Amino acid sequence: MKQASFDDLGTPLFAQTFVTLDLETTGGSPEHDSITEIGAVRSAGGQIEGTFQTLIRPDHAIRPFVELLTGISDVMVAPAPPITEVLPSLWEFLTGAVLVAHNARFDATFLSSAFRRHGYDVPFKKTVCTLRLARWLMKGETSNLKLESLASSLGVATQPCHRAFPDAKATHEIFHRLLELAGPHGVLTVEDLTAFTRVGRRPNTGKAGLAAAVPRSTGVYKFLDRSGKVIYVGKAKNLRARVRSYFYGDERPKTAELVRDIARVEVELCDTELGAEVRELHLIRRHHPRYNRRGRKVLKAPVWLKVTSGSVPRVMVGRSLKDGVMIAGPFKTQRMATDALEAIRSAVPIPRCSRPQDHPQGCAFGQIGQCIAPCMEKNRAAYSGLVANLVDDLKEGAPTLLSLLEQRMDSYSEELRYEEAATLRDRIGKIEAMTGNDAVVKTLRDAGDMVICLPREEGIHAFAVRSGLLVAEERLNNAAPDPVRMFGLSPPRQPSDPPSLEDIEEMKIVWRFVSAAAASGGWVHHCSGVFASSPVRGLRILETRAATSTRSNLSKSSVSASMTSPPIERGRVLSA
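Figured I'd write up the structure that's included with this text. (Residues numbered from 1 in each chain as written. Predicted model: local features only at pLDDT ≥ 70, side-chain atom pairs only at ≥ 80, totals over all residues. Heavy atoms only, no water.)

### Here's the deal with the overall build of the protein
Scanning the protein from N- to C-terminus turns up 18 helices and 16 strands. For the protein, the share of sequence-separated contacts (at least 6 apart) that also reach a separation of at least 24 residues comes to 63%. Total accessible area on the protein stands at roughly 28,300 Å², and carbon and sulfur atoms take up 51% of it. (Helix = DSSP H or I, 4+ residues; strand = E, 2+ residues; numbered from the N terminus. Contact = heavy atoms within 4.5 Å. Areas by Shrake-Rupley, 256 points an atom, 1.4 Å probe, with all protein chains shown as cover.)

### Looking at the sheet that holds strand β6 (residues 219-224)
The three strands lie next to each other as β7-β6-β8, forming an open sheet whose pairing is antiparallel. The strands lining the two open edges of the sheet, one partner per strand, are β7 (230-236) and β8 (264-269). This sheet shows a mean twist of 20° between the axes of neighbouring strands, independent of strand direction. Contacting β6, β7 and β8, helix α9 (residues 239-247) crosses the sheet at an angle of about 30° to β6. (Pairing = 2+ DSSP bridges. Axes fitted to C-alpha atoms, helices over the stretch in contact; angles between N-to-C directions.)

### Concerning the environment of A256
By secondary structure assignment, the location of A256 is in helix α10 (residues 253-261). Once the C-alpha coordinates of A256 and Y246 are considered, the two residues, ten residues apart in sequence, prove to be 8.3 Å apart.

### Remarks on the sheet that holds strand β10 (residues 315-318)
With antiparallel pairing, three strands are arranged side by side in an open sheet as β10-β9-β11. Of all the strands in the sheet, just β10 and β11 (324-331) have a single pairing partner and so form its edges. Taking the axes of each pair of neighbouring strands and ignoring which way they run, one obtains an average angle of 25° across the sheet. Note that strand β9 (residues 303-308) and β11 share five bridges and pair antiparallel. Looking at the pairing, T308 lines up with G324 of β11. Packed on one face of the sheet, helix α12 (residues 334-345) meets β9, β10 and β11 and runs near 175° to β10. Across the face of the sheet, helix α16 (residues 418-447) comes into contact with β9 and β11 while running at roughly 105° to β11.

### Describing the nonpolar core
Ranked by internal contacts, the top residues of the largest apolar core, which has 43 residues, are L193 and F223. If you tally residues by element for this core, the top one is helix α7 (residues 164-182), at five residues. Setting aside chain neighbours within four positions, we find F223 in contact with K229, V230, I231, Y232, V243, Y246, L258, I262, R264 and V265. With 35 residues, the next largest nonpolar core counts V307, V317, I327 and L405 among its residues. (Core = buried A, V, L, I, M, F, W, Y, C linked by side-chain atoms within 4.5 Å. Buried < 20%, exposed > 50% of the residue type's maximum accessible area, 1.4 Å probe, protein only.)

### Points about the pairing of β10
Within a regular beta strand, the side chains point alternately toward one face of the sheet and then the other, so they alternate between its two faces. When β9 meets β10, the two strands line up antiparallel, connected through four bridges. Counterpart to V307 in the pairing with β10 is V315. In textbook terms, the turn of a hairpin is the stretch between consecutive antiparallel strands, and for β9 and β10 this stretch comprises six residues, one of which, G310, has a positive phi near 115°.

### Things to note about α9
Burial in α9 covers these residues: L239, R240, V243, R244, Y246 and F247. All buried residues of α9 project into a common sector of 145° when viewed along the axis, lining one side. On its buried side, α9 packs onto α8 (190-196), β6, β7, α10 and β8. A side-chain oxygen of the first residue of α9 lies 3.3 Å from the backbone nitrogen of R240; this N-cap is N238. (Arc of directions from axis to C-beta. Polar contact = N/O pair within 3.5 Å; in protein donor to acceptor, adjacent residues only side chain to side chain.)

Written out as structure tokens, the structure is:
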């Protein structure tokens, strides 16, 4: 966990340069109309650093109603320079500043169009609209939000008059008065300011000050109510931006209810997004926040697919493994496990009845060929072999089972039986999801203790993973990580056997990280077990590197033989 710095808080308003600007034009379209006058004030820390004002000779005549509104006529602009002569000095005046204007979209669109049309990059990256600021800060304080009304309500010295420079100067004064009003809403940085101007129809800015001290770092955040109870936990790459979004424009109905209950915000910084995601999972598991969907307590035990013991073993759904052996799971709900079992039954003739009994002619399913009928004594040996093959196939990722279903789906499609083909497609997806989860668990558990390294500009980032659970992470300056030390940074963690739903959820997070690490140059520095390729589709195998080697002298040829396994054959038939 890293220490926050002042830079993480953003750019303070007093340290940012602003250019408050106003334009007069011949009309409202930047494609068909021209700028006739520019007025601008450049300031930093509340102090004016320079001004810019000029008339501009447009490409065509000024419309009568525009002349009546602004007082700018064709005679006035005739001796003025064209826009091409003004742009170089205006570009320099605007460079490095945040553009401020009243109805900033209009001014920014005209300026951007003019710069691009004449081969310039747009010199300003951010804009602030005083109209949008006033919409929330001056609500109920003035009859309307026109520049003249705001100037009167806020008592600024310069009065707007539909001329560029006086209006720009008035906007400059209004802007700084609005900043004073925005301070109590947590607007202390440029990032706060630009976010505040994007507030939606249902603002929650009354509590925005709670985000004032949150850094722009990776980590997790906790929202607490008045009693100190954690009511929501989240993660973010930029904590400040994410926390602030709850108060500046998130219009979801449930967010308004959440914000109403927030009394305090706490954050925990993490070095990486992986650490933040795992930490979020742990905090949700500990606090069960009522606004987190994952935080709701699971009152029932997880559900498994299992094979019972006895002369006629049954493949069934259960919440206990006392009377059988697990073949898949755990599942979050009974429905998910039942759907997976039904998908298996659609390809393999295993019994559908709950308790197969001796039956001289077989049950109804056996008579129509949908069950091998182990209730008949003569079929029991064949049935036992079928179940054994099914169990072996599921352990390997169900290649034969999937092949059977895919062949049947293709056959239905050729026969134009599209609804039945779609049903099989959904069942194939359920089996792939089930076996994919099982493969992730098996692969990570077989790997044992593993140290994964990622290259970074400042060196190496090492992650210690024990049987699929994140133990520790550490930044190193190109030095080889010490596995003994890394696994000693935190108390040893070992997943339950069989793994719980919570452990599997964390393993999925780690697995996504492993897959991403393989695609971004990561390598295995240490592995106490065997990290083999798995039936999970799309995995790029991580390179294994000797513990005594440095990254600079290692190549792809050093991939360990233990990293690969032979491809799974899809030809074995699931029948006796």
